[in-house]
Amino acid sequence: MKQRFGRVRAMLTVLVAWGVLAGGGVAGGAPAAAAGTDLRRSGAAPLAPGVAYGEFRMTLPRGTVHGHLLTVDLADPRVTVDLLYPGAVGARSPVSQLAADRRAVGAVNGDFFNITETQHPGVQPTGASVGPAVASGRQLKGAVPDGQRFGPAMPPGATTEDVIGVGYDRRARLDRLALRGAVLTGQGALPLRGLNQYALPVGGVGAYTPQWGPASRVRATCGTDTDRAAPCSTETAEVTVRHGRVTAIGEVPGAGGVAEGTVVLVGREDGARQLRGLRLGEPVHVSSYLAGQGHGRLRCAVGGFPIVRDGAPLAGLDTAAVAVRTSAGIGAGGRVLYLMALDGAPGQTGLTVRELAELMAQLGARDAMDLDGGGSSTLVTGDAYGATVRNHPSGGAERPVPNALGVFSAG
């Protein structure tokens with residue numbers, strides 16, 4: 001009976017959210033839209049048990065905003081959410097392909113990522129995402145230093161460690177995942193400062209596993225903790241550990257896939273000097289995990305930065321730059337997940353980050369994250385025949401991205 005009541009309450013929250021979009025609001029509730037806007041629902045339909053898709057339009061003084069929304073009832077036992085990625089951290093694929101490969105009923109693009117390296121001539125971008133990533137319970141990567149991120153300015157107090165995820169308790173939440181780990185050697189323990197990351201902290205050592213993929217590891221030693229455009233370090237080292245023993249030591253980070261049973265360690269500055277102290281054949285053990293602040297483990301998680309907490313936009317959000325945007329929000333005590341992407345068709349306007357936060361709160365989100373936007377913003381729905389892109393990507397075609405949030409329904 002309790003479980004049934006939870007599902008009913010969650011679906012009522014979904015209906016209330018769409019009622020707000022329609023402009024009706026709820027007795028005693030907040031206004032349906034901010035002053036000077038006209039927010040209207042233009043359609044909503046069930047995709048699968050526990051998952052609905054709809055569209056909305058919002059009129060602003062500068063033009064019309066067209067949005068696409070997936071509403072996910074996590075209280076429905078037939079529904080699951082997972083991180084989609086192309087089999088490697090340092091790789092990219094269109095959201096429609098990621099969704100079709102896993103037969104997801106819906107998906108939106110995920111985290112900001114290492115999209116370009118114009119500041120470092122000759123260094124190839126990795127395509128790897130900024131923040132932590134967890135897929136099907138597997139911890140794939142840690143967060144790059146704050147100064148190495150791509151994307152809009154974060155609000156005060158936010159960090160690249162911030163994520164939105166769904167736990168094994170089937171509740172969505174905002175959390176913060178910090179990397180904890182060590183490289184255990186015969187001479188002692190070295191702190192591990194990175195896991196499958198396109199940028200390492202100055203003086204740090206990072207680990208690259210088979211999940212990293214074939215992308216070059218040189219980018220990990222470029223920039224600094226506060227300046228993404230700073231030159232690449234001139235003091236680097238790379239050590240290969242296979243089945244617990246050092247098998248190779250070099251000075252320059254390499255490329256190519258990491259074999260099963262192998263970990264590649266990359267160091268810069270002090271970290272490089274520490275790695276060069278290792279010897280061939282020496283036993284080395286690498287341990288790592290992502291430590292969250294919330295209760296219980298996350299089954300999936302993707303990076304971004306928070307824009308709404310406790311139903312209100314955060315202070316310090318950007319109010320100037322207008323862009324096509326993607327967001328993920330949480331309602332009903334973690335039992336409802338909202339996945340939203342704006343439309344980038346010509347003639348339509350986007351939102352500032354502050355306006356995005358206000359929109360997500362109006363949709364019913366008590367907490368929300370800003371995900372990658374611009375040409376990355378993509379929302380798809382799927383069926384047995386593949387995935388359909390519902391919005392118009394602003395670049396005219398889908399942009400390959402490192403990850404996406406995918407929704408599944410067993411019904």
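These figures come from a predicted structure and were not determined experimentally.

A. Examining the overall build of the protein more closely. Secondary structure assignment for the protein yields four helices and 26 strands. Against the compact-globule benchmark of 22 Å for 411 residues, the protein has a radius of gyration of 22 Å, which places it among compact chains. Its C-alpha atoms give the protein principal-axis dimensions of roughly 70 × 50 × 40 Å. Within the protein, buried positions represent 54% of all 411 residues. Of the contacts made within the protein by residues no fewer than 6 positions apart, 70% connect residues no fewer than 24 positions apart. Per element, the accessible surface of the protein, about 16300 Å² overall, is 52% carbon and sulfur.

B. Representation of the sheet that holds strand S20 (residues 312–313) within the structure. Spatial strand order, S1-S2-S3-S22-S21-S23-S19-S20: eight strands in an open sheet with antiparallel pairing. For this open sheet the edge positions go to strand S1 (38–48) and S20, each flanked by a neighbour on one side alone. Two elements, strand S19 (residues 305–309) and strand S23 (residues 367–371), share three bridges in a ladder whose sense is antiparallel. Within the sheet, the bridge partner assigned to Phe305 lies in S23 and is Asp370.

C. Unusual backbone geometry, seen in detail. Positioned with a positive phi, Ser136 is a non-glycine residue whose angle comes to about 50 degrees. Of note, Ser136 is situated in the loop between strand S6 (133–135) and strand S7 (138–141). For Arg170, which is not glycine, the phi torsion reads 65 degrees and is therefore positive. Here Arg170 is to be found in the loop between strand S8 (162–167) and strand S9 (172–176). You can call Arg170 partly exposed: its relative accessible area is 27%.

D. Local environment of the environment of Pro402. With respect to the element layout, Pro402 can be found in the loop between strand S25 (386–389) and strand S26 (404–409). When its relative accessible area of 3% is taken as the criterion, Pro402 is described as buried. In the structure, Pro402 is positioned 290 residues away from Phe112 in sequence and 8.5 Å away in space, judged by C-alpha atoms. Those residues in contact with Pro402 that sit more than four places away from it in its chain are Leu84, Tyr85, Pro86, Ala91, Arg92, Asp111, Phe113, Gly127 and Ser129.

E. Quick peek at helix H2 (residues 95–102). Along H2, the residues classified as buried are Val95, Ser96, Leu98 and Ala99. Projected down its long axis, H2 shows its buried positions confined to an angular sector of 165 degrees, all on one face. The elements touched by buried residues of H2 are strand S4 (79–84), strand S5 (106–109), strand S24 (379–383), S25 and S26.

F. How the structure looks around empty space enclosed by the protein. Under the counting rule described, the total for this entry stands at three cavities of 30 Å³ or more. Lining the largest cavity, in full, are Leu83, Tyr85, Ala88, Val89, Ser129, Ala133, Leu140, Lys141, Pro402 and Asn403. Within the lining of the largest cavity, the residues separate by chemical class into seven nonpolar, two polar and one charged. There is about 40 Å³ of room inside the second largest cavity. Around the second largest cavity sit Asp111, Phe112, Val130, Gly131, Arg149, Met154, Thr160, Gly303, Gly304 and Phe305, which together line it. For the lining of the second largest cavity, a count of residues per class yields four nonpolar, four polar and two charged.

G. Geometry of helix H4 (residues 353–363). Those residues of H4 that sit buried are Val353, Leu356, Ala357, Leu359, Met360, Gln362 and Leu363. With its phi angle positive at about 115 degrees, Gly364 sits one or two positions after the end of H4.

Conventions adopted
Residues numbered from 1 in each chain as written. Predicted model: local features only at pLDDT ≥ 70, side-chain atom pairs only at ≥ 80, totals over all residues. Heavy atoms only, no water. Helix = DSSP H or I, 4+ residues; strand = E, 2+ residues; numbered from the N terminus. Rg over C-alpha atoms; globule rule 2.2 N^0.38 Å. Buried < 20%, exposed > 50% of the residue type's maximum accessible area, 1.4 Å probe, protein only. Contact = heavy atoms within 4.5 Å. Areas by Shrake-Rupley, 256 points an atom, 1.4 Å probe, with all protein chains shown as cover. Pairing = 2+ DSSP bridges. Arc of directions from axis to C-beta. 1 Å grid on protein atoms, 1.4 Å probe; cavity = no way out; pocket = protein on both sides within 12 Å on 5 of 7 lines; lining within 4 Å. Points joined across faces, edges and corners; volume = space filled by probe spheres on them. Nonpolar A, V, L, I, M, F, W, Y, C, P; charged D, E, K, R; others polar.

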